[in-house]
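Chain residues, written in single-letter form:
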Amino acid sequence: MPILSIPDGGLCNRMRSIESAIALGESLRTPVVIYWRVNWQIRCRPQELFRIESLTEKVSVPVTFRIAGRLNPWRMLWLAGCRVGPLRPAAKWLAKFAAAFGRPFVLAENPEYRTAEELCKQAFGTTGEAEVWKAAARTRWIFYSGGWYGIDRSDFSRWEPVSELERRIAEECRKVGDPAHAVGIHIRRTDNEVAIRESPDELFVERMRQEIARDPDVRFYLATDSPSVKEKFSSLFGSRLTTPRGRLSRNDTEGMKQAVVELYTLSRCRYIIATWYSTFSRTAAAIGGTELEVCRKTPGETNP
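Everything in this summary refers to the structure shown in the same document. Predicted model only: the values in this text are computed from it and were never measured.

What follows deals with the overall build of the chain. The secondary structure content of the chain amounts to 12 helices and 10 strands. Considering only contacts within the chain whose residues lie at least 6 apart along the sequence, 69% involve residues at least 24 apart. As displayed, the chain offers around 14,400 Å² of accessible surface, 51% of which is attributable to carbon and sulfur atoms.

In structure tokens:
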């Protein structure tokens with residue numbers, strides 16, 4: 001049976017979840033089926049953003065993308081069990097019930113940061129390749145998380161934006177100018193309360209002024225989901241600052257296209273100064289092999 005992956009969250013959480021599912025599929029030599037849900041988190045299909053062929057052709061196991069339709073009651077129950085503590089016993093009961101009728105599956109509950117080996121050890125009691133392969137062949141794997149599986153850091157080289165977005169990314173990069181003097185700034189706001197609390201504006205203002213003192217030719221590319229932040233930083237840094245004009249929104253296709261444009265433009269900067277508790281800038285840094293610095297009031301912990 002294939003690995004069934006239903007990525008959760010926004011754009012970058014889904015990207016790293018899909019990368020993880022493919023990595024695990026290659027580790028276990030079993031096919032991978034990605035169910036992409038068009039919902040309030042991302043209201044567009046993956047082929048409107050990326051060349052699906054580049055994701056499915058450069059791997060050693062079959063990878064299939066499907067658009068998730070209406071969820072049946074069973075699947076709704078195990079999805080809820082992943083996210084709602086009191087429902088987890090019911091989700092575990094469901095797994096046992098399904099196994100009794102010859103349709104077993106392994107439910108990985110929020111397995112953030114676990115490696116493929118750890119998951120196999122938990123599910124099958126072994127990490128031996130032959131034993132795991134036999135178990136995987138008769139087991140339905142279901143993952144519902146934005147976590148990594150068996151990879152510490154992907155370069156997302158399989159992810160190729162569609163040609164329309166590549167043109168827009170190139171135009172944004174031209175506006176920023178010489179990449180040797182380009183510093184990307186990512187300030188996450190709106191519904192991310194942790195980012196707002198831990199990465200206030202003043203930390204970014206201080207760091208950007210330090211960059212100006214170090215490099216008089218520096219140019220900043222500001223990616224943010226807050227119009228008020230754009231206005232504030234434009235008034236502070238003037239012509240040194242490039243801010244994209246597109247509107248970021250999860251509620252329409254154009255908003256998600258703009259997110260891809262900003263993600264890849266950030267990735268092509270020399271350096272990225274980023275918000276705590278946001279996967280967007282971390283993914284941009286991984287795509288570009290770019291050094292990343294996180295602005296945070298409370299240092300000491302690893303950025304998730």
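Let's shift gears to the packing of helix α9 (residues 201-214) against helix α10 (residues 227-237). For any two helices packed against each other, one specifies the inter-axial angle together with the distance between the axes. Interhelical geometry of α9 versus α10 gives an angle of 30° and a closest axis separation of 12 Å. It follows from the interaxial angle that α9 and α10 lie roughly parallel. Crossing geometry of α9 relative to α10 is assigned as right-handed. Contacts between α9 and α10 involve D201, F204, V205, M208, R209 and I212 from the former and V229, K232, F233, L236 and F237 from the latter.

What follows covers the nonpolar core. In this structure, L11, M15, L263 and Y264 are the most contacted members of the largest nonpolar core, which totals 46 residues. The biggest single contributor to this core is helix α1 (residues 11-28), with 8 residues. Those residues in contact with Y264 that lie beyond four places of it in its chain are M15, F50, W159, P161, I169 and I287. Counting residues in hydrophobic clusters, the runner-up holds 16 residues, among them M208, F233, F237 and I273.

According to the stated counting rule, one finds 18 salt bridges in the structure shown. Where E198 meets R197, a salt bridge forms, and the shortest distance between an N and an O atom there is 3.7 Å. One salt-bridge network, in which partners are shared between bridges, spans R207, E211, R214, R270 and E293.

Inspection of the sheet shows strand β9 (residues 271-275) paired to strand β10 (residues 291-295) by 5 bridges, in the parallel sense. In the sheet register, A274 faces β10, and the bridge partner there is V294. Each parallel crossover has a hand, and the one from β9 via helix α12 (residues 279-288) to β10 is right-handed.

Interhelical geometry of helix α7 (residues 163-176) versus helix α11 (residues 253-267) gives an angle of 50° and a closest axis separation of 9 Å. Classed by the angle they form, the pair α7 and α11 counts as oblique. In this structure, α7 meets α11 at a crossing whose hand is right-handed. For the pair formed by α7 and α11, the contact residues are E164, L165, R168, I169, E172 and C173 on the first element and E254, K257, Q258, V260, V261, Y264 and T265 on the second. Its residues placed into classes, the contact of α7 with α11 shows 6 nonpolar, 2 polar and 5 charged.

Even without a glycine there, the phi angle at F156 is positive, about 55°. With respect to the helices and strands, F156 occurs in the loop between β5 (140-143) and α7. Unlike most non-glycine residues, Y277 shows phi in positive territory, near 65°. When you line up the elements, Y277 lands in the loop between β9 and α12.

Another point: the environment of R29. In this fold, R29 is placed in the loop between α1 and β2 (32-36). In this structure, the C-alpha to C-alpha distance between R29 and V61, residues 32 residues apart in sequence, is 6.3 Å.

With that settled, consider the packing of aromatic side chains. The full count for this structure, using the stated rule, is 3 aromatic pairs. Taking 5.0 Å as the distance between ring centres and 85° as the angle between the ring planes, the aromatic pair formed by F50 and W159 counts as edge-to-face. A residue pair is termed long-range when its members are at least 10 positions apart, and F50 in the loop between β2 and α2 (52-56) and W159 in the loop between β5 and α7 qualify at 109 residues. W159 carries the same exposure label as F50, and that label is buried. Here F220 and F237 contribute two aromatic rings whose centre-to-centre distance is 5.8 Å and whose plane-to-plane angle is 65°, an arrangement assigned as edge-to-face. Of this pair, F220 sits in strand β7 (residues 219-224) while F237 sits in helix α10, and the two are 17 residues apart along the sequence.

Spatially, 5 strands are ordered β8-β7-β6-β9-β10 in an open sheet, and the strand pairing comes out parallel. A single partner strand is all that each edge strand has here, and the edge strands are β8 (241-242) and β10. As paired elements, strand β6 (residues 182-187) and β9 share 3 bridges and run parallel to each other. What sits directly across from G184, in β9, is I272. Against the sheet, α11 touches β6, β7 and β9, its axis set at about 145° to β7.

About the cut-offs
- Residues numbered from 1 in each chain as written.
- Predicted model: local features only at pLDDT ≥ 70, side-chain atom pairs only at ≥ 80, totals over all residues.
- Heavy atoms only, no water.
- Helix = DSSP H or I, 4+ residues; strand = E, 2+ residues; numbered from the N terminus.
- Contact = heavy atoms within 4.5 Å.
- Areas by Shrake-Rupley, 256 points an atom, 1.4 Å probe, with all protein chains shown as cover.
- Axes fitted to C-alpha atoms, helices over the stretch in contact; angles between N-to-C directions.
- Parallel < 35°, antiparallel > 145°, perpendicular 65-115°, else oblique.
- Left-handed = near helix turned anticlockwise from the far one by under 90°.
- Core = buried A, V, L, I, M, F, W, Y, C linked by side-chain atoms within 4.5 Å.
- Buried < 20%, exposed > 50% of the residue type's maximum accessible area, 1.4 Å probe, protein only.
- Salt bridge = Lys/Arg side-chain N within 4 Å of Asp/Glu carboxyl O.
- Pairing = 2+ DSSP bridges.
- Right-handed = clockwise from strand over helix to strand, strands pointing away.
- Nonpolar A, V, L, I, M, F, W, Y, C, P; charged D, E, K, R; others polar.
- Phe/Tyr/Trp six-rings, centres within 6.5 Å; stacked < 30°, edge-to-face > 60°.

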